[in-house]
Every structure is written in C-alpha cells, then in structure tokens.
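A closer look at the structure
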Amino acid sequence: KDGFWDALYFAKRGDGRGRGNTGYLLGDPVNGVLWLLVSRDSGRHWIKQRGAGLQASSASQSVFAASNSSFIFNNGFMVFASGGSGGAFVYRVVETSICLDDCPPAEMNLDGKDDKWKQQRVPLGENTESSGIFSIGAQADYFGAPPLGSKVFVAVGGDYTKPNDSTGTAAWSADGGEHWTASAKPPHGYRSTVQWSESLKVWITAGTDGSDVSRDDGRTWQPLDDGNWNALSLPFVVGPNGRIGRLNAGALP
C-alpha cells in the first residue's frame, strides 16, 4: 500500500544465467529501498532483490511509469533509471555471483544478495519531483557475457509539468552507462519514451509536444513532429485518447 509499480518486463529468451521465462517488476522506494522483483517462472512467483546499492529515499527518488521503459535488459541484468528532487540516476549491477553448475537455491543468488548496484548520476532533469529520467534505451538487448552487451545507452526525460522546455531532456553514454553526457542539441521538449531502430540506424524519442530523431547516438536531436505522444513500440507510437501513429521512414530528417 506504500508503493507504486512503474515497469514490467519479460525476457524473450534466457537471461544469460541459463534461466528462461524471466520477468522483472520495478517499483518506487518503500522504507528506503527501491523495489525490484524477479520471477524465473513466467510470473508465478516473485523474489525481492536485496543487493547492495538499491537504497533510495522515497522523499527524493522515484521511478517514472510514463511508458514502461524506465529500464532495459543488458548483459543478463536490468539497468534502470530514476528521477526526483534528488536528481536523475541510472542503476546497474557492477558485481554479482553466478553459479554455473547444479546448485542449491541458497547459492543461486536468486534474491540478488550478492549483487552490487552502482548509482550513476545523469545530467538530466532539474532536480524536482516532476523531473528526471523517464525512459532509457540501448542499441540492443543482449543475453550473455558482458562483452556482448550494448555499450551505447540513451536516456530521455525532463520535467513533465513543462512539456515545451528542452532543458535537460536527453543524455547519452558510450561506455555502458559508466559516464553520461548531456545532449549538445536536446529534443525540443519533455520526452517520456526513447527507442533505437536497428533497421533505420536512428534513435527516436517522443513526448507530449512531439518527437525527435538522432543519428549520432543521442548527441544531437532534430525535430520529427509536434504530436502528443506517450510511448513507442517502433514503428508505432501511441498517445492520449487512443491515438496511434506509424513511423514514415521517408519523412526522417
């Protein structure tokens, strides 16, 4: 009753630890800890993750549920983003314990007790309750050892109460989320969703005052349209009142 679920994700294949049917459920901080649950059996049972580094104050940190894209799957682990008056952060696992043979449950790290999460500050948002990272994307979702994981991440957001303000609306990382840089030319307003198009080799982001496209991994953005949008599932975009659009690749700048 004290929390709020923000995002749900199920892997299409195994999760890099030899387990399939894996799902993740992410929620706001309760009693000083961000809630991350993992299911290994298609959602029948959920296990709360207890790794170090998931501590966060409910007064200053929250996860935004705008488009169910506040986290991504990379190297067999979730990478997720937050915002709020305490600033914008990306959380990712930097240490873990993996058992490769037949192991008793106590040694399988199912509750993530051996995981260490790193909180990385991102230059995005304005340190207010209504601002931060609303969506994070990677060039691909990988299920394997770290060398296979995507190195290019893009995060978007801003302040949803200021839909036309381009301040702090996008940032990029070229090293798997270790370092972040604000976009030199950001999207032209608050953005709640971002996605990489492998077929078109472009990033697309959208929000309540339109959409933008980037061909240089989030460093600069060009306006695409001025529609009212909430979430992407390329080639589709959706908005209020049942509005659905389909990307016209020929119109990309």
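Up top is the structure these notes are about.
Here the residue numbering is sequential within each chain, running from 1 through the sequence in written order. Since the coordinates come from a predicted model, pLDDT governs what is reported: local features require at least 70, and pairs of side-chain atoms require 80 or more to be given and counted, while whole-chain, interface and lining totals use all residues. With hydrogens and water excluded, all non-hydrogen atoms of the structure serve as input to the side-chain values.

The numbering of helices and of strands both runs from the N terminus, where a helix is a DSSP run of H or I of at least 4 residues and a strand a run of E of at least 2. Within the chain one finds zero helices and 19 strands. Relative to a compact globule of 253 residues, whose C-alpha radius of gyration would be 18 Å, the chain shows 18 Å and is just as compact. Along the longest, intermediate and shortest principal axes, the C-alpha atoms of the chain span 55 × 40 × 35 Å. Only protein chains enter the accessibility calculation, which uses a 1.4 Å probe; a residue is then buried when its area is under 20% of its type maximum, exposed when over 50%, and partly exposed in between. Buried residues in the chain amount to 49% of all 253 residues. For the chain, the share of sequence-separated contacts (at least 6 apart) that also reach a separation of at least 24 residues comes to 53%. Radius of gyration means the value over C-alpha atoms here, while the globule rule gives 2.2 Å times the residue count to the 0.38 power. The criterion used for residue contact is that any of the two residues' heavy atoms lie within 4.5 Å.

With that out of the way, let us pick up the sheet that holds strand E8 (residues 116-122). Only strands that DSSP links by at least two bridges are regarded as paired with each other. Across the sheet, which stays open at both edges, the four strands sit in the order E5-E6-E7-E8 with antiparallel pairing between neighbours. At either margin of the open sheet sits one strand with a lone partner, and together these are strand E5 (71-74) and E8. Neighbour-to-neighbour, the strand axes of this sheet turn through a mean angle of 25 degrees, independent of strand direction. Both E5 and strand E6 (residues 77-82) contribute to a ladder of four bridges, which runs antiparallel. Bridge pairing in E6 places Asn74 opposite Phe77. What counts as an axis is a line fitted to C-alpha atoms, over the stretch in contact for a helix, and the angles between N-to-C directions run from 0 to 180 degrees.

The four strands are arranged E13-E14-E15-E16 in an open sheet whose pairing can be described as antiparallel. Looking at which strands have only one partner, the edges of the open sheet turn out to be strand E13 (193-197) and strand E16 (222-225). Ignoring which end each strand starts from, the neighbouring axes of this sheet average 30 degrees apart. Pairing between strand E14 (residues 202-207) and strand E15 (residues 210-214): five bridges, direction antiparallel. Along E15, the bridge assignment pairs Thr205 with Asp212.

With that settled, the discussion passes to the pattern of salt bridges. When their charged atoms lie close together, side chains carrying opposite charge are able to pair. Note on definitions: salt bridges are taken to be side-chain nitrogens of Lys or Arg within 4 Å of carboxyl oxygens of Asp or Glu. For the structure on display, the rule yields eight salt bridges. Close ionic contact of Asp2 with Lys1 constitutes a salt bridge, the shortest N to O distance being 3.3 Å. For Asp2, a relative accessible area of 54% corresponds to the exposed category. Since its relative accessible area comes to 95%, Lys1 is described here as exposed. Glu178 is the salt-bridge partner of Lys118, the closest N and O atoms lying 2.7 Å from each other. One end of the pair, Lys118, is in strand E8; the other, Glu178, is in the loop between strand E11 (170-173) and strand E12 (181-182), with 60 residues separating them in the sequence. For Glu178, a relative accessible area of 24% puts it in the partly exposed group. Sharing partners across several salt bridges, the network here consists of Arg92, Lys118 and Glu178.

Attention shifts here to unusual backbone geometry. Between Leu234 and Pro235 the backbone carries a cis peptide bond, its omega angle lying at 10 degrees. One non-glycine residue, Ser42, lies in the positive phi region at around 65 degrees. Positionally, Ser42 belongs in the loop between strand E3 (33-39) and strand E4 (47-48).

As a further point, take a nonpolar patch on the surface. A surface patch of nonpolar side chains, about 260 Å² in accessible area, is lined by Leu8, Phe10 and Trp46. Among the secondary structure elements, Phe10 is positioned in strand E1 (residues 5-10). Owing to a relative accessible area of 34%, Phe10 belongs among the partly exposed residues under this scheme. Here the term patch refers to residues with relative accessible area over 30% and no salt bridge, with like charges joined within 9 Å and nonpolar side chains (Val, Leu, Ile, Met, Phe, Trp, Tyr) within 5 Å. The protein chains shown are the only cover counted for residues, whose accessible areas, like all others here, come from Shrake-Rupley with a 1.4 Å probe.

As a further point, take the side chain of Ser39. Mapped onto the secondary structure, Ser39 falls in strand E3. At 2.8 Å, the side chain of Ser39 forms a polar contact with the backbone nitrogen of Gly43. Whenever two N or O atoms come within 3.5 Å, that pair is a polar contact, provided that in protein one can donate a hydrogen and the other can accept it, and provided that, for residues adjacent in sequence, both atoms are side-chain atoms. For Ser39, the side chain forms a polar contact with the main-chain oxygen of His45, separated by 2.9 Å. Excluding residues within four positions of it along the chain, Ser39 makes contact with Asn21, Thr22, Gly23, Arg44, His45 and Trp46.

Following the sequence through the fold, Pro104 ends up in the loop between strand E7 (88-95) and E8. With a relative accessible area of 41%, Pro104 lands in the partly exposed category. Measuring from C-alpha to C-alpha, the distance between Pro104 and Gly27 comes to 29 Å, with 77 residues separating the pair along the chain.

The values are spatial; any link to function lies outside them.
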